[in-house]
Amino acid sequence: MNYSDLAPPYIRAIAPYQPGKPISELERELGISGIVKLASNENPLGASPKAIAAARAALDEIALYPDGNGFDLKDALSQRYGVVQNHIVLGNGSNDLLEFAARAFLTIGDKVVYSDHAFAVYALATQGVGATGISVAAKNFGHDLDAMRAAAVAQGAKMIFIANPNNPTGTFLPGDKLHAFMRALPANILVVLDEAYNEYLPEECRYDSVVWLKEFPNLIISRTFSKAYGLASLRVGYALGNPQVIDMMNRVRQPFNVNSVAQAAAVAALHDADFVRQTFELNRRGMAQITGEFTKLGLEYLPSFGNFVSFKIDDAMAVYRRLLELGVIVRPIANYDMPGWLRVSIGLETENDKFLSALKQILGEQ
Ligand SMILES: Cc1ncc(COP(=O)(O)O)c(C=O)c1O
């Protein structure tokens, strides 16, 4: 018997998420070392030393279950954002929160709107509960908010996912546009505003979505410690929303979904503003370094507000494979309907150099 037939059709239809290739796997395959991984938008500085120290200290207690309510981390977040703890739900990475939103509010046949080229997990979370995703055509690779609202209203959608900035396109929606979108949207449509790359926004682009929660009870904001805070492996993120929405999300949450090491590290990371600033500065310089070379090489790229940039290149898969041989891992994004593009995460200056010289070598070989 084929056991996959036991799964509902909407589960069988899911195309699994394709993660970036781990360094260890490429090392095994090619027998080379010194590999640079610029494939998963991780923090090239690592994590805050304070977060690492807090994680180490928390190891002494790993025989105990974590605080399932995440009191200390929620307390730190509540002070940071000026919201009461019942406005916060913690996730095993922000990926968890995207799934809570889907599992708490959607069922088979419900409609969900997101944009073409938007982060893959929106479609996965939607499909995972048997809901129907409606992918709206992008405008210049970015979210077309008017078209998304029109599609959601016309099709009776229950939820909209928005990534700001979006991965893998790096596109950004200004705060005033998002606010106007929320005002025009019927209040019974939930909006999950995924701000995983929020900390990378330049000063002039920053906006305060948290204050909008008072105005829009249908808004859920999700953020992560995986990117600018450098805790990707520990899996910790949070969502902010109105208490009724957060209550429903908590009901589908595993009781101990965020481990104690992650909780302790996240509290320390949240307080290390210097580390986040260094991360931001490094990213800004690295972005200029890489996009400057793209321009010199005549390569088209999408100006990015995140810690990665997608560029267009002939024979993208062949270039991807050749980069692997040269010890550089980037990310093909054909699964985002961008087959002629690759996405590179911004690394340390030396890592960016290694990527750029490998790329130049490949272009010379063509
Ligand atoms: C736009 C976006 N949202 C959410 C996530 C999920 O990250 P995590 O689960 O590590 O918080 C990612 C990770 O790449 C992302 O790019």
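The coordinates are above.
Engineer: How should the nonpolar core be read in this particular structure?
Structural biologist: Where a protein is soluble and globular, its nonpolar side chains tend to be buried together. Ile-160, Ile-162 and Phe-225 are the most contacted members of the largest nonpolar core, which totals 61 residues. Ignoring anything within four residues of it in the chain, the contact list for Phe-225 reads Leu-73, Leu-77, Gly-230, Leu-231, Ala-232, Val-236, Gly-237, Tyr-238, Ala-266, Ala-269 and Leu-270. Core analysis: the next-biggest nonpolar cluster, separate from the first, contains 34 residues, Leu-97, Tyr-122, Val-129 and Tyr-336 among them.

Engineer: Where do I start with the site of the ligand in this structure?
Structural biologist: Neighbouring residues of the ligand: Gly-93, Ser-94, Asn-95, Phe-119, Asn-167, Asp-194, Ala-196, Tyr-197, Thr-224, Ser-226, Lys-227 and Arg-235. Ser-94 places a main-chain nitrogen or oxygen 2.7 Å from an oxygen atom of the ligand. In the model, an oxygen atom of the ligand is placed 2.7 Å from a nitrogen or oxygen of the Asn-167 side chain. Considering the ligand on its own, with 390 Å² of exposed area, one finds that the protein chains cover 93% of that surface. Of the residues belonging to the shell around the ligand, the class tally is 3 nonpolar, 6 polar and 3 charged.

Engineer: Just to check I follow, could you spell out the side chain of Asn-43 for this structure?
Structural biologist: Structurally, the position occupied by Asn-43 is in the loop between β1 (36–37) and α3 (49–58). At 2.9 Å, the side chain of Asn-43 forms a polar contact with the backbone nitrogen of Leu-45. At a separation of 3.1 Å, a polar atom in the side chain of Asn-43 contacts the side chain of Thr-279.

Cut-off values and rules
- Residues numbered from 1 in each chain as written.
- Predicted model: local features only at pLDDT ≥ 70, side-chain atom pairs only at ≥ 80, totals over all residues.
- Heavy atoms only, no water.
- Core = buried A, V, L, I, M, F, W, Y, C linked by side-chain atoms within 4.5 Å.
- Buried < 20%, exposed > 50% of the residue type's maximum accessible area, 1.4 Å probe, protein only.
- Contact = heavy atoms within 4.5 Å.
- Near = heavy atom within 4 Å.
- Polar contact = N/O pair within 3.5 Å; in protein donor to acceptor, adjacent residues only side chain to side chain.
- Areas by Shrake-Rupley, 256 points an atom, 1.4 Å probe, with all protein chains shown as cover.
- Nonpolar A, V, L, I, M, F, W, Y, C, P; charged D, E, K, R; others polar.
- Helix = DSSP H or I, 4+ residues; strand = E, 2+ residues; numbered from the N terminus.

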